[in-house]
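Structure assessment
Each chain, letter by letter, is given below.
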Amino acid sequence: AQSVTQPDIHITVSEGASLELRCNYSYGATPYLFWYVQSPGQGLQLLLKYFSGDTLVQGIKGFEAEFKRSQSSFNLRKPSVHWSDAAEYFCAVGGGNTPLVFGKGTRLSVIA
Amino acid sequence: DTGVSQDPRHKITKRGQNVTFRCDPISEHNRLYWYRQTLGQGPEFLTYFQNEAQLEKSRLLSDRFSAERPKGSFSTLEIQRTEQGDSAMYLCASSDSGRAITGELFFGEGSRLTVL
């Protein structure tokens with residue numbers, strides 16, 4: 001069965017610092033991998049996705065993620081965090097017509 | 001494009017009562033999904049429709065839960081004989097078939113259910 005693990009429940013970073021959110025997945029075939037963001041009072045929004053090809057994918061709001069098959073990981077990164085990035089981040093796995101399976105999320109806090 | 005809208009945004013009910021949530025997807029999106037999110041958890045898949053056909057249901061969707069999408073547009077999720085464990089945020093998402101395969105779902109803000 002497919003599953004997603006986000007090891008960090010809560011991360012706090014200073015504004016302007018770099019960010020890396022971890023995601024490990026379990027999937028029998030070639031995975032489609034996604035990162036979604038959920039800001040307070042808003043619906044989940046797709047940040048980026050990986051299907052195949054270049055293992056480093058760029059997303060919206062300056063985020064990027066790297067797919068590492070050998071480590072079953074798809075970590076999300078941002079070189080310089082802004083206060084508006086404070087939100088809940090969800091990694092998800094799916095494929096074709098398989099509904100997305102989400103991790104438990106990582107809550108990001110940004111301090112001045 | 002007004003986005004996915006859900007109604008009501010918040011529902012408080014007593015145990016044993018029935019509740020119904022409505023989701024209006026983005027127009028022309030033929031796929032509609034229901035997810036449930038509890039505190040400290042990610043969204044959990046419940047069911048999805050393509051047009052009016054319900055294509056998949058999770059084992060989380062007990063017989064007290066029923067979802068419909070009668071004309072392939074809006075959808076309703078009904079919970080009968082609510083239990084305290086049903087307290088959660090119920091999320092609706094829509095997509096077209098092509099985008100759904102690529103994982104791009106458009107989520108509403110959710111309907112929060114509190115069962116007393």
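Below, the structure is looked at part by part.

About the cut-offs
Residues numbered from 1 in each chain as written. Chains lettered and ligands numbered in written order. Predicted model: local features only at pLDDT ≥ 70, side-chain atom pairs only at ≥ 80, totals over all residues. Heavy atoms only, no water. Helix = DSSP H or I, 4+ residues; strand = E, 2+ residues; numbered from the N terminus. Buried < 20%, exposed > 50% of the residue type's maximum accessible area, 1.4 Å probe, protein only. Contact = heavy atoms within 4.5 Å. Areas by Shrake-Rupley, 256 points an atom, 1.4 Å probe, with all protein chains shown as cover. Lys, Arg positive; Asp, Glu negative; His and termini not counted. Charge placed at Lys NZ, Arg CZ, Asp CG, Glu CD. Core = buried A, V, L, I, M, F, W, Y, C linked by side-chain atoms within 4.5 Å. Buried area = accessible area lost by both parts, 1.4 Å probe. Salt bridge = Lys/Arg side-chain N within 4 Å of Asp/Glu carboxyl O. Polar contact = N/O pair within 3.5 Å; in protein donor to acceptor, adjacent residues only side chain to side chain. Pairing = 2+ DSSP bridges. Axes fitted to C-alpha atoms, helices over the stretch in contact; angles between N-to-C directions. Phe/Tyr/Trp six-rings, centres within 6.5 Å; stacked < 30°, edge-to-face > 60°. Lys NZ or Arg CZ within 6 Å of the ring centre and 35° of its normal.

Before going further, it helps to examine the overall build of chain B. Summing up its helical and strand segments, chain B has 1 helix and 11 strands in all. For chain B, the sequential pattern of α-helices and β-strands runs β-β-β-β-β-β-β-β-β-α-β-β. Along the first, second and third principal axes, the C-alpha set of chain B runs to 40 × 25 × 20 Å. Buried positions account for 46% of the 116 residues belonging to chain B. Expressed as a percentage of contacts within chain B between residues at least 6 apart in sequence, the contacts between residues at least 24 apart total 53%. Approximately 5800 Å² of chain B is accessible, and the part contributed by carbon and sulfur atoms is 43%. Side-chain charges in chain B split into 15 positive and 15 negative, and the spacing between the mean points of these groups amounts to 6 Å.

In terms of nonpolar packing, the biggest core is built from 26 residues, with Leu19, Trp35, Leu47, Leu48, Phe74, Leu76 and Tyr89 of chain A touching the most fellow members. Breaking this core down by element, the ones donating at least two residues are β2 (10-14), β3 (19-21), β5 (32-38), β6 (45-50), β8 (64-68), β9 (73-78), β10 (87-95) and β12 (106-111) of chain A. Among the elements that line this core, the one with the most residues is β10 of chain A, at 4 residues. Setting aside anything within four residues of it in sequence, one finds Leu19 of chain A in contact with Ile11, Val13, Phe63, Leu76, Arg77, Lys78, Val81 and Leu108 of chain A. Of all hydrophobic cores here, the second largest spans 19 residues; its members include Leu46, Phe65, Ala88 and Cys92 of chain B.

Before going further, it helps to spend a moment on the interface of chain A and chain B. In this assembly, 19 residues from chain A lie in contact with 20 residues from chain B. When the area that chain A buries against chain B is broken down by residue, the three leading residues are Leu44, Asn97 and Pro99 of chain A, summing to 30%. In this assembly, chain A and chain B are joined by 1 salt bridge. For the salt bridge of Lys49 of chain A with Glu104 of chain B, the shortest nitrogen-to-oxygen distance reads 3.8 Å. Between the two partners, chain A and chain B, sit 3 residue pairs in polar contact (both at pLDDT 80 or more). Of all the secondary structure elements, the ones that give two or more residues to the side of chain A that touches chain B are β5, β6 and β11 (98-102) of chain A.

Attention now moves to the sheet that holds strand β8 (residues 75-79) of chain B. All names here are of chain B. Strands sit in the order β1-β3-β8-β7 across an open sheet of 4 strands; the sheet is antiparallel. Each edge of the open sheet is held by one strand with a lone partner, namely β1 (5-7) and β7 (65-68). Pairwise comparison of adjacent strand axes, ignoring direction, gives a mean angle of 15° for this sheet. As defined by bridge partners, strand β3 (residues 19-24) adjoins β8 across 5 bridges and the pair is classed as antiparallel. Residue Thr20 lies in a different strand from β8, and its bridge partner there is Glu78.

Attention now goes to the packing of aromatic side chains. Counting across every chain of the model gives 17 aromatic pairs over all chains. With 6.2 Å between their ring centres and 75° between their planes, Phe102 of chain A and Phe107 of chain B make a pair best called edge-to-face. With Phe102 of chain A in strand β11 and Phe107 of chain B in strand β10 (residues 106-107), this residue pair bridges two chains. Per residue, the accessibility class of Phe102 of chain A equals that of Phe107 of chain B, and both read buried. Through pairs of rings, three or more aromatic residues link up here, namely Tyr36, Phe90 and Phe102 of chain A together with Tyr33, Tyr35, Phe45, Tyr48 and Phe107 of chain B. The aromatic ring of Phe74 of chain B is capped on one face by Arg22 of chain B, whose charged end is 3.9 Å from the ring centroid.

A few words now on the side chain of Gln38 of chain A. Within the secondary structure, Gln38 of chain A is located in strand β5. By relative accessible area, which is 16% here, Gln38 of chain A ends up buried. A polar contact is formed between the side chain of Gln38 of chain A and the side chain of Gln37 of chain B, at a distance of 3.3 Å.

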